[in-house]
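Remarks on the overall topology
If you want the building blocks of each chain, they are given just below.
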Amino acid sequence: MKQGSVLKVEGPWCQVETNGHNYRCSLRKKLKTASDERTSPVVVGDLVQFSETSPGEGVIEGIRDRRTKLSRLAPWAPGKEHVVVANMDQVLIVVSAKDPPLKAGIIDRYIIAAENGGLGVAICVSKIDLVSEDEVSWVGNLYGRLGYPVLYTSAVKGVGIDGLAGVLKGKKTVLAGQSGVGKSSLINQIQPGLGLRVQDIRKAARKGKHTTSWATLFKIDIGGYVVDTPGIRELGLWDVRGCDVAEFFRDIWEMGKGCRFSKCTHSHEPHCAVKAAVEQGSLDERRHESYLRILESTKEELPY
């Protein structure tokens, strides 16, 4: 029995690496327990045990417990979990300064998904050559103040690539974000020999296609690993209750300690310290609105 890491899952086949050798593996029938055929029980980053059946081929016999994971609600199977990647150290949330537009909501959703799965978080604003500094500085001012590393990059101009390399070096990182934000382009800058396919965002948007079709784990020369993931339009949160949402908004969580009601949802209750902070200007209204939208999306019965 051999042990290895899953580099790629493509249909019924997995690419597994062990000791510098790659194997094309299928799954033992007993592991095919997912109720939806489009959800594989094995994901990129999984540590697996497999039997070699012929040179370069094998059958996965078992999957070790996951240390961390990045999950979402499966859009094709309501109420079911779709694990995107496992056993990474951190998520690099990639958002573009323009095309597609920069939105705080997607950053907040990925922060919740990452931290809920035990992953660290860094934020990368790409395509900064398309805008002025004033248009994107709020990302660093907000999330940097909350303790998240924030990078500003341009793959076209080569801006911020050294800083990006510093964040990736020595870690296992999954790059996540919407379609067209430039994840593959940034990985190509870090590891030019990979030659990952990229596509003009205007063409991709018109066709509704993703440049990256499958999540894939790559080793990088500076030390560490990166996973390029397909872009998504919307990130549904998995295993997050409405009463827990505020904990992932570090500033709102701290302000909420001053609310009169211990179970305050910061939406409609009187004597709410968070709503007072919005009125006083010490909490950006957009930040509070992002929190409320995510709170509403959990569809949970709330205490008030």
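I will try to describe carefully the structure that is included in this document. (Residues numbered from 1 in each chain as written. Predicted model: local features only at pLDDT ≥ 70, side-chain atom pairs only at ≥ 80, totals over all residues. Heavy atoms only, no water.)

This part covers the packing of helix α1 (residues 104-116) against helix α2 (residues 133-144). Contact pair α1 / α2: the axes reach a minimum separation of 12 Å and the direction vectors enclose 30°. Pair α1 / α2 crosses with right-handed handedness. On the side of α1, the interface is formed by Ala-104, Ile-107, Asp-108 and Ile-111, while α2 contributes Trp-138, Val-139 and Tyr-143. Grouping the amino acids of the contact of α1 with α2 by side-chain chemistry returns six nonpolar, no polar and one charged. (Axes fitted to C-alpha atoms, helices over the stretch in contact; angles between N-to-C directions. Helix = DSSP H or I, 4+ residues; strand = E, 2+ residues; numbered from the N terminus. Left-handed = near helix turned anticlockwise from the far one by under 90°. Contact = heavy atoms within 4.5 Å. Nonpolar A, V, L, I, M, F, W, Y, C, P; charged D, E, K, R; others polar.)

This part covers the state of the cysteines. This structure, assessed with the given rule, holds zero disulfides. The closest cysteine sulfur to the non-disulfide-bonded Cys-14 is located on Cys-25, 7.2 Å from its own sulfur. Unpaired in this structure, Cys-259 has its nearest cysteine sulfur neighbour in Cys-272, at a distance of 3.9 Å. Residue Cys-259 is classed as buried on the basis of its relative accessible area, which comes to 11%. (Disulfide = S-S within 2.5 Å. Buried < 20%, exposed > 50% of the residue type's maximum accessible area, 1.4 Å probe, protein only.)

Quick look at the pattern of salt bridges now. Taken as a whole and assessed by the stated rule, the structure comprises twelve salt bridges. A salt bridge links Glu-52 to Lys-2; the nearest nitrogen and oxygen atoms lie 3.9 Å apart. Separated by 50 residues along the polypeptide, Glu-52 in strand β4 (residues 47-54) and Lys-2 in strand β1 (residues 2-10) bring together distant segments of the chain. Ionic pairing is found between Arg-241 and Asp-244, a salt bridge with its closest N-O pair at 3.0 Å. Given a relative accessible area of 45%, Arg-241 falls into the partly exposed group. (Salt bridge = Lys/Arg side-chain N within 4 Å of Asp/Glu carboxyl O.)

With the rule as written, the count across this model stands at two aromatic pairs. Centroid distance Tyr-23 to Phe-50: 5.1 Å. Interplanar angle 55°. Geometry classified as tilted. Note that Tyr-23 is positioned in strand β3 (residues 21-27) and Phe-50 in strand β4, a separation of 27 residues in sequence. Comparing Tyr-23 with Phe-50 shows no difference in burial state: the two are buried. (Phe/Tyr/Trp six-rings, centres within 6.5 Å; stacked < 30°, edge-to-face > 60°.)

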